[in-house]
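The primary structure of each chain is shown beneath.
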Amino acid sequence: QVQLEESGGKLVQVGDSLRLSCLASGRTFALDTMGWFRQAPGKEREFVASIINADNGVYIADSVLGRFMISRDSTKNTLYLQMDNLKSEDTAVYYCAASLGRRQSASDTRRYEYWGQGTQVTVSQ
């Protein structure tokens, strides 16, 4: 089992920066991929970014490319999402996810067995 706990979400202004954190515990040594997804009210959960633990390969969604970056600190078992130049459309609940290595694409929610409870990010004008 793996437990994920997100933190860092809050109310910010358009153009601000924010860093989300996700602390992983449990069988973290077995994880293959970690990612961030988000879900806005009335919309489906969408992929934001992922990182492959073996080689730190990064995949960023086009909608946030150039503004968001994913990283991890293996010594702290923590995943990060650095968000710069935030826009109102970035308002959503942000979820951390972890995979043991399913076949689906890293941008597919079905790849991930473990999910955090989410942290709210609200970007106001």
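Cut-offs used in this document
- Residues numbered from 1 in each chain as written.
- Predicted model: local features only at pLDDT ≥ 70, side-chain atom pairs only at ≥ 80, totals over all residues.
- Heavy atoms only, no water.
- Helix = DSSP H or I, 4+ residues; strand = E, 2+ residues; numbered from the N terminus.
- Contact = heavy atoms within 4.5 Å.
- Polar contact = N/O pair within 3.5 Å; in protein donor to acceptor, adjacent residues only side chain to side chain.
- Disulfide = S-S within 2.5 Å.
- Buried < 20%, exposed > 50% of the residue type's maximum accessible area, 1.4 Å probe, protein only.

(A) Summary view of the environment of Asn 85. Within the secondary structure layout, Asn 85 lies in the loop between β8 (78-83) and β9 (92-99). If we ignore the near neighbours within four places in the chain, the residues touching Asn 85 are Gly 15, Asp 16, Ser 17, Arg 67 and Asp 90.

(B) Examining the side chain of Ser 99 more closely. Here Ser 99 shows up in strand β9. A distance of 2.9 Å separates the side chain of Ser 99 from the backbone nitrogen of Gly 101, its partner in a polar contact. If near-sequence neighbours (up to four positions away) are discounted, Ser 99 is found in contact with Leu 31, Asp 32, Thr 33, Arg 111, Tyr 112 and Glu 113.

(C) A look at the state of the cysteines. Enumeration over the complete set of coordinates arrives at one disulfide. Disulfide pairing is shown between Cys 22 and Cys 96; the S-S distance is 2.1 Å. In this structure, the disulfide formed by Cys 22 and Cys 96 twists by about -75° around the S-S bond and is classed as left-handed. With Cys 22 in strand β3 (residues 18-26) and Cys 96 in strand β9, the pair connects residues that are 74 residues apart, well separated along the chain.

(D) Molecular detail of unusual backbone geometry. Within the chain, Asn 77 stands out as a residue other than glycine whose phi angle is a positive 50°. With respect to the element layout, Asn 77 can be found in the loop between β7 (68-73) and β8. For Asn 85, which is not glycine, the phi dihedral falls at a positive 50°. Among the residues examined, Asn 85 registers a relative accessible area of 43% and is labelled partly exposed.

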